[in-house]
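Spelled out, the chains give:
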Amino acid sequence: MKHHKFERTLVIIKPDGVQRSLMGEIIKRYERAGLKLTAIKMTKATPKFIEKHYTLDPEWRRITGEKSIKGYLSKGLKPPSEDPFKITEVVLKYLVKYLTSGPIIVMIWQGAHAVAIIRKLTGGTEPLTSDVGTIRGDYVLDSYQMTDTDGRAVRNLVHASGSVKEAENEIKHWFDKKEIVDYKLVQEQILYDVNMDGILE
Ligand code: GDP
Ligand code: MG
C-alpha cells in the first residue's frame, strides 16, 4: 500500500467563493493543516463538463436523490418527489447553472488523509447546519429551504471529493498529468519523518 502521505483530493472554489474574495481564506485553511498543493488553475467550465464532474460516479444520481429525500423527512417536510432521480435532475440543473456562472479555482491537495481532512475543514453540505469553524459554517448562511424557494443550488463555496476513489476520478477529469507538480515541502520532514532527525546541527 502507498504511504498515507500520497493521498490526494480535488477541491473546487465555486464562483461565489471567487466573487466573495475568499480564495485566500479557503486556501489558507487547507494549507495550514499541512496539506500540499500540487495543482491549481482558474477556469470557466462548460455545462457539459460540470454535468460530467457530478456524474462520474454512475450511482451519484441515486445517492444524491436519496440523501435529499432523507433530509426533507428528517426536517418533517414533504420531499418534492418520491423518486430520487427526479430530485437529482433538478439539483443537477441548478448545480450546472451555479458552477458555470463565473470563474472557478480547481486544485489538487495532497497529504495524509487528504480526503477526510479536507472534508472536515470544509464542513457539511448545507451551510445552515455546517459546523462552526468549518469553511461552510463560517462564511455562508445558505439553506435548502431558501434554495428550494428561490430555485437554485445551495451556495456552499467549495466542492471537495467525498472519497479516495471519487478524488482520483475527479483529478483525472480536471487535470492532465503534466499539470500536476511533484515536489517536496520542507515541512514534510516534520509531518512525516519517523525520527524527526536532521533538526539539530
Ligand atoms: P458535497 O459533497 O458536500 O458537496 O455534497 P454532495 O456531493 O452530496 O452534493 C453535491 C451538491 O449537490 C451539493 O454541493 C449541493 O449543491 C447539491 N445537493 C446535495 N444534496 C442536496 C439536497 O438535499 N438538496 C439540494 N437542493 N441540493 C443538494
Ligand atoms: Mg460530493
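Structure's up top.
Residues numbered from 1 in each chain as written. Chains lettered and ligands numbered in written order. Predicted model: local features only at pLDDT ≥ 70, side-chain atom pairs only at ≥ 80, totals over all residues. Heavy atoms only, no water.

### Details of unusual backbone geometry
The phi torsion of most residues other than glycine is negative, and most of the peptide bonds are trans. Here is the rule we go by: Strands here mean DSSP runs of E at least two residues long; helices mean DSSP runs of H or I at least four residues long; both are numbered from the N terminus.
The phi angle at Ser21 is positive, at roughly 55°, despite the residue not being glycine. Mapped onto the elements of the fold, Ser21 is located in the loop between helix H1 (15-19) and helix H2 (23-32). Located in the positive-phi region is Met196, a residue other than glycine, with phi close to 45°. As for its position among the elements, Met196 is in the segment after helix H10 (188-191).

### Remarks on the site of ligand 1
To be explicit about the condition: It suffices for a single heavy atom of a residue to lie within 4 Å of a molecule or strand for the residue to be listed as near it. For this analysis, a polar contact is any N or O atom pair within 3.5 Å, provided that within protein one partner can donate a hydrogen and the other can accept it, and provided that sequence-adjacent residues contribute only side-chain to side-chain pairs. Residue burial considers only the protein chains on display, and all accessible areas are found by Shrake-Rupley using a 1.4 Å probe.
As a matter of local geometry, ligand 1 sits amid 14 residues, with Lys67, Ser68, Arg119, Thr125 and Asn156 nearest to it. Contact between ligand 1 and Lys67: an oxygen atom at 2.4 Å from a side-chain N or O atom of the residue. Tyr144 places a side-chain nitrogen or oxygen 3.4 Å from a nitrogen atom of ligand 1. When isolated, ligand 1 has an accessible area of 540 Å², and the protein chains bury 91% of it. Among the secondary structure elements, those contributing two or more residues to the shell around ligand 1 are helix H4 (60-74) and helix H5 (84-99).

### Overview of the side chain of Thr9
The cut-off we apply is this: Here, residues are in contact when the closest pair of their heavy atoms is within 4.5 Å.
By secondary structure assignment, the location of Thr9 is in strand E1 (residues 8-13). A polar side-chain atom of Thr9 sits 3.5 Å from a polar atom in the side chain of Ser161. For Thr9, the contacting residues outside a window of four places in its chain are Met107, Ile108, Trp109, Ala114, Val115, Ile118, Ser161, Ala167 and Ile171.

By themselves these figures say nothing about function.
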